[in-house]
Amino acid sequence: MALQSRDAQERKRHGRHYTPPELARFLARRALLYAPCGAELRVLDPACGDGELLLAVHREMVSCAPDVAVRLTGYDLDRAAVGETVARAAAEGVEIHCRAGDFLAKAPRLAKGSFDLIISNPPYVRTQQLGGATAQLLSRKFGLRGRIDLTHPFVALAPRLLAPGGVLGLLCANRFLTTRAGANLRRILTADLTPVELYDLGDTKLFSAAVLPAITIATRSAASVAQAGGISKRSGPPVVESSVGCRYVSVYEQPGCETGCGTDLFDALAGEVDCLVGAGGRVFAVEVGTLASQGRELVNGPSVGRAISDHEHPHGETVWRMSRPAVDRWLDKIADRTWHTFGETARIRVGIKTTADRVFISDRWDDLDPTPERELLQPLITHHDLERWQINQDRGTRVLYPYDLRQTRRTPVDLAEFPCAAEYLRTHEKALSGRRYVLDGGRKWYEIWVPQRPHLWGAPKLVFPDISERPRFALDRSGAVVNGDCYWISLTDLDAGKSATDLAYLLMGVANSALGLRFYDAVCGNRLYSGRRRWITQYVARLPLPDPCSPAAVEIVRRVRELMEDGVPVSDAAVDEAVAEAFGVPTQ
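Residues numbered from 1 in each chain as written. Predicted model: local features only at pLDDT ≥ 70, side-chain atom pairs only at ≥ 80, totals over all residues. Heavy atoms only, no water.

(A) Expanded view of helix α23 (residues 551–565). For α23, spanning 15 residues, the distance from its first C-alpha to its last is 21 Å, which sits close to the expected 21 Å at 1.5 Å a residue. Inspection of α23 places Ala 553, Ile 556, Val 557, Arg 559, Val 560 and Leu 563 among the buried residues, and these make up the whole buried set. Considered in projection along α23, the buried side chains sweep an arc of 165 degrees and stay on one side of the axis. Buried residues belonging to α23 abut α20 (500–511), α24 (570–573) and α25 (575–583). (Helix = DSSP H or I, 4+ residues; strand = E, 2+ residues; numbered from the N terminus. Expected span 1.5 Å × (residues − 1). Buried < 20%, exposed > 50% of the residue type's maximum accessible area, 1.4 Å probe, protein only. Arc of directions from axis to C-beta. Contact = heavy atoms within 4.5 Å.)

(B) Representation of the sheet that holds strand β17 (residues 461–465). Sheet architecture is open: four strands sit in the order β13-β21-β17-β19, paired in antiparallel fashion. Looking at strand neighbours, the two that pair on one side only are β13 (349–350) and β19 (474–476), the edges of this open sheet. Bridge count between β13 and strand β21 (residues 486–490): two bridges; the pairing is antiparallel. Paired with Arg 349 across the strands is Trp 488, a residue of β21. (Pairing = 2+ DSSP bridges.)

(C) Structural context of the side chain of Asp 404. Residue placement: Asp 404 occurs in the loop between β16 (398–400) and α17 (419–426). You can call Asp 404 buried: its relative accessible area is 16%. In this structure the side chain of Asp 404 is engaged in a polar contact, spanning 2.9 Å, whose partner is the side chain of Arg 406. In this structure Asp 404 touches Thr 411, Val 413 and Pro 454, once residues within four positions along its chain are discounted. (Polar contact = N/O pair within 3.5 Å; in protein donor to acceptor, adjacent residues only side chain to side chain.)

(D) Inspection of the environment of Ala 474 at higher detail. Mapped onto the elements of the fold, Ala 474 is located in strand β19. Once the C-alpha coordinates of Ala 474 and Lys 461 are considered, the two residues, 13 residues apart in sequence, prove to be 8.4 Å apart. Excluding residues within four positions of it along the chain, Ala 474 makes contact with Leu 386, Glu 387, Trp 389, Gln 390, Ile 391, Lys 461, Leu 462, Val 463 and Met 508.

Below is the structure:
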C-alpha cells in the first residue's frame with residue numbers, strides 16, 4: 001500500500017494521470033471520425049503512460065476499418081510506464097513502437113508531417129512546479145507566451161508533426177477554455193489547427209486528476225480534411241470549415257434532479273440534443289451547441305457584435321464559450337444596454353495571501369501569552385463570513401497584519417515597536433524564513449506574500465468569495481482585511497459621476513441577480529465540482545453594467561438601498577426584476 005501511495009504521489013508531481021478506458025475509447029472514437037483514410041494510419045501519443053489511448057485507437061480501427069494498417073508510436077519519460085505499455089500491447093497482440101525519454105527534446109528531430117493522428121493526455125504541471133527558469137526556456141523554445149503549464153509545449157508541437165488532414169485528439173484540463181493562462185492553447189488550436197469538436201466534461205469525475213477535463217478534436221487543415229474522405233464519411237458528423245461551426249458539448253451536474261433519461265453518458269455526449277443523464281449516482285445536464293466565433297466576443301456595449309482583434313480585448317486573447325441561438329439573442333439584448341463591464345468600472349483585487357496561514361491567521365489570539373499587540377491584529381473576512389448581500393463575522397477570525405495601515409504601499413512595521421508580536425513571530429522564524437520567494441522578493445522574513453494597499457482596508461468595499469455556487473456579493477464597512485479566498489472592490493476606485501455608494505449598490509444588484517448568474521454561465525461557464533463556480537477577477541470583470549444615470553439603473557439602486565438600509569426582505573425588494581428591466585430582457 002505504501003508503494004502504491006508513493007507511486008501515486010510521484011505521478012501527481014510529474015503531472016501524470018492515466019486515462020480511464022471508457023474515456024480513452026470515447027476520445028479515440030471521436031478523433032477517428034476525422035482521420036484521413038488511407039492504407040496506413042500513423043498514430044502518436046507523446047506521453048503514452050500505460051498505453052491506454054494507443055490501444056483504444058487500435059481497438060476502434062479493428063472494429064471500424066480492419067483493412068487499414070495502424071502504426072502506433074508512443075513516448076514517455078517514465079521507463080516503467082513504457083514497459084507497461086509494451087507488455088499490455090503484447091498481451092493484445094498489438095505492436096507499439098514505444099520509447100523512453102523526453103519527447104519535448106526528441107520531437108524536433110522527427111520529420112514534419114510524420115503522423116496522421118496525435119492522441120494525447122499530456123502531463124499537467126503548473127509553472128510553480130516547473131520552476132521559472134524551466135518555464136521561460138520552454139516558452140522561448142516553443143513560441144509560448146505568459147504563464148504556461150507543461151501541456152502547452154506538447155500541444156505546440158502537434159501542428160508541425162501532423163500531416164495535412166491529420167487530427168489531434170487532446171484530453172487536458174478544461175481551464176484552457178476560459179482562463180488567461182489558456183491563451184496559448186486557444187491560439188494554437190485556432191491559428192495552426194481547426195477545432196471540430198469540443199467537450200467540456202466539467203465535474204463528471206470521469207478522470208481521477210484534480211483538474212476538470214475537456215476533450216478537443218482538431219484537424220491540421222480544414223481544407224485537407226474535407227478532401228481526405230476519411231472515416232468520418234462513413235459514420236461521423238460532417239467536417240466543419242471553421243471554429244465557428246465547431247461542435248461544443250458541455251456537461252455539468254444538475255443539483256436537485258434525481259433521475260436522468262436513461263441514456264449512457266458517452267452516448268449523450270455524442271448525441272445532438274440536450275438531455276439529463278444519470279451517472280455515478282448523480283445527474284448531469286448535457287448541452288449541445290457550437291463554439292462561438294472568435295471575432296464575436298463580448299467587450300462592452302458599443303463593441304459587441306463587431307469583429308475585434310486580440311489586442312483590443314481587455315484581457316488579451318478571447319476566451320471560448322458555447323454559442324446557442326437563444327442565448328446569443330439574449331446576450332445581444334444585454335449588450336445593447338451595457339454601459340461598461342465591471343472590469344472597466346472598478347479595480348478588482350484578490351485578498352491577502354499569507355502563504356503561512358497557521359502563523360498569521362487565527363480566531364484564538366487571546367489564548368496566547370503574550371498576545372500580539374491589538375494594533376496588528378486586524379479582523380479578517382473569509383469566504384465563511386460572506387452571504388448574499390451581507391457579511392457575518394461571527395467567527396472572530398483575525399490576521400496578524402505586519403504593515404502600517406496609514407501607508408499607500410507595503411510598509412512593514414518595525415518589530416522593535418511591537419515586542420509581543422515580535423516574540424510570537426520569532427517562534428516561527430525558521431518556518432517563515434523558509435519561504436524563499438518572500439525573501440527573494442525583497443521582503444522581510446515576517447512579511448506576508450500579498451499584502452495589498454494597506455490604507456484601503458479602512459474604506460468601504462464590496463467583497464465576494466472566490467468559489468461559490470451562487471454569487472455572494474456583500475458590502476463591508478467594518479474596515480476588515482480580506483482573505484485570499486475572496487475578492488474585493490474598494491469604493492474609493494468608483495467614480496462615474498454618481499456617488500460611490502450608489503455605484504456599489506448597482507454593481508452588487510447586478511452581480512447578485514438571476515441575470516448576473518445566467519450571464520456568468522453563458523459567457524464564463526467555469527463550473528467546479530457540485531455546481532460551484534469561480535468568481536475570479538477575469539470572470540467578474542466581464543459582468544455587464546447599465547448606465548448608472550438611466551432611470552432603470554436608478555431603480556436598481558433604490559431597491560438595493562431598501563434591502564441594505566431599510567431591512568426590506570430580498571423577496572420584496574425584487575432586485576431581479578429591476579435588473580432584467582434595465583437590460584430589456586424577461587425576468588428568469
